[in-house]
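Commentary on secondary and tertiary structure
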Amino acid sequence: MESRHANDGMSFVDTHCHIDFEHFDADRDAAFTRYAEAGGQWLVAVAVDLEHIPRLRGLAEARDNVFFSVGVHPNHEVDVEPAFEELCRLADHPKCVAIGETGMDFYRHRVSPGEQEVRFRTHLRAARAVDKPVIVHMREADSDTLRVLEEEGADACGGIMHCFSSTIEVAAQALDMGLSISFSGNVTYKANDALRAVAAFVPEEALLVETDAPYLAPVPHRGKRNEPAHVRHVVKCIAGVRGKDPEYIARLSLENACRRFGVAP
Ligand SMILES: [Zn+2]
Ligand SMILES: [Zn+2]
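Let me begin by describing the structure that accompanies this report. Note that the structure is predicted; figures quoted are calculated from it, not measured. (Residues numbered from 1 in each chain as written. Chains lettered and ligands numbered in written order. Predicted model: local features only at pLDDT ≥ 70, side-chain atom pairs only at ≥ 80, totals over all residues. Heavy atoms only, no water.)

1. Some points on the coordination of the zinc ion (ligand 2)
Distances from the zinc ion (ligand 2) to its protein donors, namely His-16 (NE2), His-18 (NE2), Glu-101 (OE) and Asp-212 (OD), fall within the range 2.1 to 2.4 Å. Of note is the zinc ion (ligand 2), whose four donor atoms meet at the metal with angles of 87 to 178 degrees in an arrangement that counts as irregular. Sequence spacing of the donor residues for the zinc ion (ligand 2), all on one chain, is H-x1-H-x82-E-x110-D. In this structure the zinc ion (ligand 1) is found 3.5 Å away from the zinc ion (ligand 2), and Glu-101 serves as a bridging donor for the pair. Here His-16, found in strand 1 (residues 12-17), pairs with Asp-212, found in the loop between strand 8 (207-209) and helix 8 (231-242); they are 196 residues apart in sequence, far enough to count as distant. Across the pair, Asp-212 and His-16 agree in class, each one buried. (Donors = N, O, S within 2.8 Å, 3.2 Å for Na, K, Ca; no water. Tetrahedral: all angles 85-135°; square planar, octahedral: opposite > 155°, others 65-115°. Helix = DSSP H or I, 4+ residues; strand = E, 2+ residues; numbered from the N terminus. Buried < 20%, exposed > 50% of the residue type's maximum accessible area, 1.4 Å probe, protein only.)

Structural data, given as structure tokens:
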């Protein structure tokens, strides 16, 4: 059993969560408190559509330690595709630290691959225009995602491969474009030795951690609702495979997050 307010002396950042979702309506304040007590410094509340940007922005304006992103998820069905100008306008806010989540996802087919690619390119152009990093969601679409990142010059704005779940080869290509690699709860899953090998491979300066809460709860919370405080289990897992102290990995990923998102330490 772990104590309810487990603080292992770590300071960390959850670089990707959906704390605005209704999953947290009953206990959002308590979830923020648990996060702070566990060592959470600040977090990025990531957009999946434009309708809920006011909700995200409101959370960020109400709390010093909440930042947000602007974007439409690759598999999110919309009546009107997000326009470059609109993304830039919505991102023009002091607490907006990234564009996304965007990318390509062929696991589900709510949005066709062709439409996803157009939408992804629009986000990348907006990210370059506003000079903010792009949060990339990539699922079963590795070669197309990497191709578009390359063609749109993602190295100019920088970005994050969020919830990274692919191979060392794919990670190496993303790293070559100057992107950071963010690991979530699935790196703790028993069957994911190959992903832990990627977590051991990523250079120190490119390593980030996240929850993607309410999804993908790490062991020992697997199968339950995830929340930002649980990012410490991702930190501990990565520390184990890299042979470092959790405090060291926590601090390292915190400093990387500050640099990547332009947040003052
Ligand atoms: Zn995602
Ligand atoms: Zn997400």
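2. Overview of the pattern of salt bridges
Taken as a whole and judged by the stated rule, the model has 17 salt bridges. Across the salt bridge formed by Glu-117 and Arg-147, the nearest N and O atoms sit 2.9 Å from each other. Of this pair, Glu-117 sits in helix 4 (residues 113-130) while Arg-147 sits in helix 5 (residues 142-151), and the two are 30 residues apart along the sequence. Taking the shortest distance from any N to any O, the salt bridge between Glu-151 and Arg-121 comes out at 2.4 Å. Residue Glu-151 is located in helix 5, and its partner Arg-121 is located in helix 4; the two are separated by 30 residues in the primary sequence. A residue is classified by how much of its surface remains accessible, and Glu-151, at 47% relative accessible area, is partly exposed. Classification of Arg-121 as buried rests on a relative accessible area of 16%. Within this structure, Glu-117, Arg-121, Arg-125, Arg-128, Asp-144, Arg-147, Glu-151 and Glu-152 form a network of salt bridges that share partners. (Salt bridge = Lys/Arg side-chain N within 4 Å of Asp/Glu carboxyl O.)

3. Quick look at the coordination of the zinc ion (ligand 1)
Each pair of donors in an ideal octahedron of six around a metal sits at 90 or 180 degrees, and each pair in an ideal tetrahedron of four sits at 109.5 degrees. Binding of the zinc ion (ligand 1) to the protein goes through Glu-101 (OE), His-137 (ND1) and His-162 (NE2), at separations of 2.0 to 2.1 Å. The motif formed by the donor residues of the zinc ion (ligand 1), counted along the single chain, is E-x35-H-x24-H. The class for Glu-101 is buried, based on a relative accessible area of 2%. Taking relative accessible area as the criterion, His-162 reaches 4% and is therefore assigned buried.

4. As for the layout of surface pockets
In this structure, the largest pocket occupies an estimated 600 Å³ of space. Lining the largest pocket are 21 residues; nearest its centre among them are His-73, Arg-108, His-137, Arg-139 and Tyr-215. Within the residue set of the lining of the largest pocket, elements represented by two or more residues are strand 4 (96-105) and strand 5 (134-139). Looking at the lining of the largest pocket element by element, the count peaks at three residues for strand 5. Here the residues of the lining of the largest pocket sort into seven nonpolar, eight polar and six charged. (1 Å grid on protein atoms, 1.4 Å probe; cavity = no way out; pocket = protein on both sides within 12 Å on 5 of 7 lines; lining within 4 Å. Points joined across faces, edges and corners; volume = space filled by probe spheres on them. Nonpolar A, V, L, I, M, F, W, Y, C, P; charged D, E, K, R; others polar.)

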